[in-house]
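For reference, the chains in residue letters:
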Amino acid sequence: MIDTTGVRSARSSGLARYVAAATMARSADGGAVVAVVLMVTVSGAPGWLAGLLGACITAPHLLGPFVARRLDTARDGRTVIAAACVVHGGTLAAAVLLYPHVPAPVTGLLLIASGLVGPLLTGGISSRLPAIAGPDRVAQRRAQGWDVATYGLGGTVGPTIVAAVSAWAGPTVAALLLAAATALAAVLVRMLPYAPPSGTPAEVPRPARTLLLMVSSGPLRRTLYMTVTVAFALAALPITAVAGTSALGVTAAAAGILTAAYGLGNLAGSAVVMIRPLRGDADRLMTRLAVVVAVALAVTAAGPGLAPTGMAVVVLMAAAYFVTGVLNAHFFAATLAARSEYAPAAARGQVFVWIGAVKITAGSGGTALAGALVGFSLHLPMALAVALVAVAAAASALERRGTRRHRPG
């Protein structure tokens, strides 16, 4: 007889170590760019240099898929992720320590090396989750709720730690703390349950082939373009929050309240997914959840016209941002489920990293475009965001319907 109690206990302890490792690694990944920008700014260097060095650690994420194949070919993927954590932390620490003493291009090269392995700290770690949660779909989707929470915590805790420590001891110390967090994450990753490789190196497709595989697979293709579209659209939220404070007749601090409400909504949504895991086909779930995200964005865009006073506007907008965060957490969990359930075993790690890397790039592009458009009209970025998500959801539904119509039998 199988000791199911022992199996559940082992999976629970493995999930606890996973959550700790993922939160530390993603906090470091999310806070590093803030620490670098603050460090350069405090040193008195021009703003363009701060932006350029910040981009050196974020832009290389797009190249992550070209180093992710090692996840699927290695005898032990834990070693690959742990090594990525060590490289990320080591090069970040070297960059901030050497910055005052070496030419800026040297610092830039070190930050590029740090950013290059960044996707292994995000999508790469997520690829380990199916082996930890086990084959049961409900257990996997509950674990994906935890994974969504680690992304939310990483994106919130990392920059918060940097801001607090920078005010106390300087941004260099803050960056060194992030580097130490990745070292601890490496230790915890090595303590995760072992999962054997899914195939021989000859069976694992190369990055370009993996991308073609994703594009040719209906569910993975829809996962890719819907993830990218929603990430691109949601990037307009913080830009609109900042730009809209003066137009709404409220203080600039209201922008912080709105972005905090969105972050809290993400965490609350991930908690809901942990308690009540998503049910049903992940492909259909993504379409339905994208529709409700589009509705939430539309309400957010219309919010300023629904309340007569400044304070009422802030309350209403904060509620809309919170609900949007809750819904996005559900959508994100559905995309994680789709990556896990539709990716071929021999390329699962690459699929996770490919989608994660393109999502980060889409978010950066969405932020840049929203910043450019908000100068013409406060409502233009949000209107475009709603339209894009609605079109992607409609395309997904029509594509799936066409597939069913042409299926033999």
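Residues numbered from 1 in each chain as written. Predicted model: local features only at pLDDT ≥ 70, side-chain atom pairs only at ≥ 80, totals over all residues. Heavy atoms only, no water.

### Digging into the overall build of the protein
Reasoning step 1: Per the secondary structure count, the protein includes 17 helices and zero strands.
Reasoning step 2: Radius of gyration (C-alpha) of the protein: 21 Å, near the 22 Å computed for a compact globule of 409 residues.
Reasoning step 3: Overall, the C-alpha framework of the protein stretches about 65 × 60 × 40 Å when taken along its three principal axes.
Reasoning step 4: Taking all 409 residues of the protein together, 51% fall into the buried category.
Reasoning step 5: Partitioning the intrachain contacts of the protein with sequence separation of at least 6 by distance along the chain shows that 85% fall at a separation of at least 24. (Helix = DSSP H or I, 4+ residues; strand = E, 2+ residues; numbered from the N terminus. Rg over C-alpha atoms; globule rule 2.2 N^0.38 Å. Buried < 20%, exposed > 50% of the residue type's maximum accessible area, 1.4 Å probe, protein only. Contact = heavy atoms within 4.5 Å.)

### Examining the packing of aromatic side chains
Reasoning step 1: All told, the structure shown has two aromatic pairs when counted by the stated rule.
Reasoning step 2: Ring centres 5.8 Å apart and planes at 65 degrees place the aromatic pair Phe 66 and Trp 354 in the edge-to-face group. One end of the pair, Phe 66, is in the loop between α2 (47-58) and α3 (69-73); the other, Trp 354, is in helix α16 (residues 348-373), with 288 residues separating them in the sequence.
Reasoning step 3: For the ring pair Tyr 151 and Phe 332, a centre distance of 4.9 Å and an interplane angle of 70 degrees mean the geometry is edge-to-face. Taken as a pair, Tyr 151 in helix α8 (residues 137-169) and Phe 332 in helix α15 (residues 310-342) lie far apart in primary sequence, 181 residues in all.
Reasoning step 4: Sitting over the ring of Tyr 151, Arg 26 keeps its end group 3.8 Å from the ring centre.
Reasoning step 5: A cation over a ring is seen here: Lys 359 above Phe 332, with NZ or CZ 3.6 Å from the ring centre. (Phe/Tyr/Trp six-rings, centres within 6.5 Å; stacked < 30°, edge-to-face > 60°. Lys NZ or Arg CZ within 6 Å of the ring centre and 35° of its normal.)

### Quick look at the packing of helix α10 (residues 207-216) against α16
Reasoning step 1: The contact between α10 and α16 brings their axes to 10 Å, and the two run at 80 degrees. As far as their axial angle goes, α16 and α10 are roughly perpendicular. Contact residues: Pro 207, Thr 210, Leu 211 and Met 214 in α10; Gln 350, Val 351, Trp 354 and Ile 355 in α16.
Reasoning step 2: Considering only residue class, the contact of α10 with α16 consists of six nonpolar, two polar and no charged. (Axes fitted to C-alpha atoms, helices over the stretch in contact; angles between N-to-C directions. Parallel < 35°, antiparallel > 145°, perpendicular 65-115°, else oblique. Nonpolar A, V, L, I, M, F, W, Y, C, P; charged D, E, K, R; others polar.)

### Some remarks on the nonpolar core
Reasoning step 1: Core analysis: the biggest nonpolar cluster contains 44 residues, and Leu 234, Leu 237, Val 293, Leu 297, Tyr 321, Phe 331 and Val 389 have the highest contact counts within it.
Reasoning step 2: Mapped onto this core, the elements with two or more residues apiece are α11 (218-234), α12 (236-247), α13 (253-275), α14 (282-302), α15, α16 and α17 (380-405). (Core = buried A, V, L, I, M, F, W, Y, C linked by side-chain atoms within 4.5 Å.)

### Digging into the side chain of Thr 240
Reasoning step 1: Of note, Thr 240 is situated in helix α12.
Reasoning step 2: Looking at Thr 240, its side chain comes within polar contact range of the main-chain oxygen of Ala 236, at 2.8 Å. (Polar contact = N/O pair within 3.5 Å; in protein donor to acceptor, adjacent residues only side chain to side chain.)

### Here we look at the environment of Thr 210
Reasoning step 1: Relative to the helices and strands, Thr 210 is located in helix α10.
Reasoning step 2: Using a relative accessible area of 0% as the deciding quantity, one classes Thr 210 as buried.
Reasoning step 3: Taking the C-alpha atoms as reference, Thr 210 lies 7.2 Å from Val 351; in sequence the two are 141 residues apart.
Reasoning step 4: Beyond its immediate stretch of four places on either side in the chain, Thr 210 contacts Pro 205, Ala 347, Gln 350, Val 351 and Trp 354.
Reasoning step 5: Of the polar contacts made by the side chain of Thr 210, one reaches the side chain of Gln 350; its length is 3.2 Å.

### Notes on a nonpolar patch on the surface
Reasoning step 1: Taken together, the side chains of Ile 161, Val 173 and Leu 177 define a hydrophobic patch exposed on the protein surface, amounting to about 210 Å² of accessible area.
Reasoning step 2: Summarising the element assignment, Val 173 is placed in helix α9 (residues 171-190).
Reasoning step 3: In this structure Val 173 comes out as partly exposed when scored by relative accessible area, which is 33%. (Patch = residues over 30% accessible without salt bridge, like charges linked within 9 Å, V, L, I, M, F, W, Y side chains within 5 Å. Areas by Shrake-Rupley, 256 points an atom, 1.4 Å probe, with all protein chains shown as cover. Salt bridge = Lys/Arg side-chain N within 4 Å of Asp/Glu carboxyl O.)

The values reported here are purely geometric and, on their own, carry no functional implication.
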